[in-house]
Structures are given as C-alpha cells and as structure tokens.
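What the coordinates show
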Amino acid sequence: EGSLEFKSASDVNPKPTEFAKDTLVPTIKKYISGDTLTRNCIIYGIEDDQTINPIYHFKSDMALTIETAANGELKQDKIIVNIHPLKYKDGNLLLVFLTKRI
C-alpha cells in the first residue's frame, strides 16, 4: 500500500495534455523525496472508499499523449512515467508507473 496511490476517475481530464501538465505532474512531484520516490504507481479509477469507478472517457491513444507530456515535464527530475490503461467493464483504470532514472 505504501508504494501505490489511488485516485478518483474524476481526477482525469479528458484533454490528455492538460491532464498531464495540470494534474499528473504536480501529483508526481509530491512523491519525490530527495533522490527517491515515495510512490511507484498511481491508479486512477479507485475511489476513496476503495470502490472501482473506471474512466469512461479514456481513449487508448490518450496514454501515449499523457506519457509524452509528463515525461517532458519531469525530465529535470529524472522521473520516467509509463502509462497503461487497464480495461475494466466498459471503461479503463489508468495505471501510471513511476521510476527514477539514475
């Protein structure tokens, strides 16, 4: 549980570049502690009460756009973001994996 962070589906902006720059990158920056990350994965689509609420407006091509924008913003911080949508019922959970470059 310490390496995962759960976020609501409502946090995901349907405009992928805006989501990356205005929501995802600031969230990731909170998890940088010196040379380490306090979280390794953010999962969008899990509510505060731990229920699964998939993202219904997510299109598969959004993953690459979000990943590219986030990696560009986090290059100085030596953070690499990998985005993977995970099908769930009629929507997706958004898995955001974080790694620190050496």
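For the structure given in this document, a descriptive report is provided here. Here the structure is a predicted model, which means the values were calculated and not measured.

Focus: the packing of aromatic side chains
Inspection of every chain in the model, using the stated rule, returns one aromatic pair. Plain terms: the ring middles of Phe 19 and Tyr 44 are 5.3 Å apart, the flat faces sit at 80 degrees to each other, and that makes the pair edge-to-face. Separated by 25 residues along the polypeptide, Phe 19 in helix α1 (residues 16–30) and Tyr 44 in strand β4 (residues 41–44) bring together distant segments of the chain.

Quick notes on the nonpolar core
Membership of the largest hydrophobic core comes to 25 residues, with the highest contact counts inside it found for Leu 24, Tyr 44, Val 81, Leu 94 and Val 96. Where this core is concerned, the elements lending two or more residues are α1, β4, α2 (62–74), β5 (79–88) and β6 (91–100). When residues of this core are assigned to their parent elements, the largest contribution, six residues, is made by α2. Once residues within four sequence positions are removed from consideration, Leu 24 is found in contact with Phe 19, Ile 42, Tyr 44, Ile 66, Ala 70, Ile 83 and Val 96.

Observations regarding the pattern of salt bridges
The final tally for this structure, using the stated rule, is two salt bridges. With a closest N to O distance of 2.9 Å, Arg 39 and Glu 5 form a salt bridge. Here the residue Arg 39 occupies a position in the loop between β3 (36–37) and β4, and Glu 5 occupies one in strand β1 (residues 4–7), the gap between them amounting to 34 residues. Classification of Arg 39 by relative accessible area gives partly exposed; the value is 22%. In this structure, the salt-bridge partner of Asp 77 is Lys 29, at a minimum N-O distance of 3.2 Å. Here Lys 29 lies in helix α1 and Asp 77 lies in the loop between α2 and β5, a separation of 48 residues in the sequence. With a relative accessible area of 22%, Asp 77 lands in the partly exposed category. Its relative accessible area of 41% is what places Lys 29 among the partly exposed residues.

Describing the packing of α1 against α2
Where α1 meets α2, the closest approach of the two axes is 9 Å, and the angle between their N-to-C directions is 50 degrees. The orientation of α1 with respect to α2, classified from their angle, is oblique. For the pair α1 and α2, the crossing hand works out as right-handed. Between α1, through Pro 16, Thr 17, Phe 19, Ala 20, Lys 21, Leu 24, Val 25, Ile 28 and Lys 29, and α2, the contact on the second element is made entirely by Met 62, Thr 65, Ile 66, Ala 69, Ala 70, Glu 73 and Leu 74. The class makeup of the residues in the contact of α1 with α2 is 11 nonpolar, two polar and three charged.

Cut-off values and rules
Residues numbered from 1 in each chain as written. Predicted model: local features only at pLDDT ≥ 70, side-chain atom pairs only at ≥ 80, totals over all residues. Heavy atoms only, no water. Phe/Tyr/Trp six-rings, centres within 6.5 Å; stacked < 30°, edge-to-face > 60°. Helix = DSSP H or I, 4+ residues; strand = E, 2+ residues; numbered from the N terminus. Core = buried A, V, L, I, M, F, W, Y, C linked by side-chain atoms within 4.5 Å. Buried < 20%, exposed > 50% of the residue type's maximum accessible area, 1.4 Å probe, protein only. Contact = heavy atoms within 4.5 Å. Salt bridge = Lys/Arg side-chain N within 4 Å of Asp/Glu carboxyl O. Axes fitted to C-alpha atoms, helices over the stretch in contact; angles between N-to-C directions. Parallel < 35°, antiparallel > 145°, perpendicular 65-115°, else oblique. Left-handed = near helix turned anticlockwise from the far one by under 90°. Nonpolar A, V, L, I, M, F, W, Y, C, P; charged D, E, K, R; others polar.

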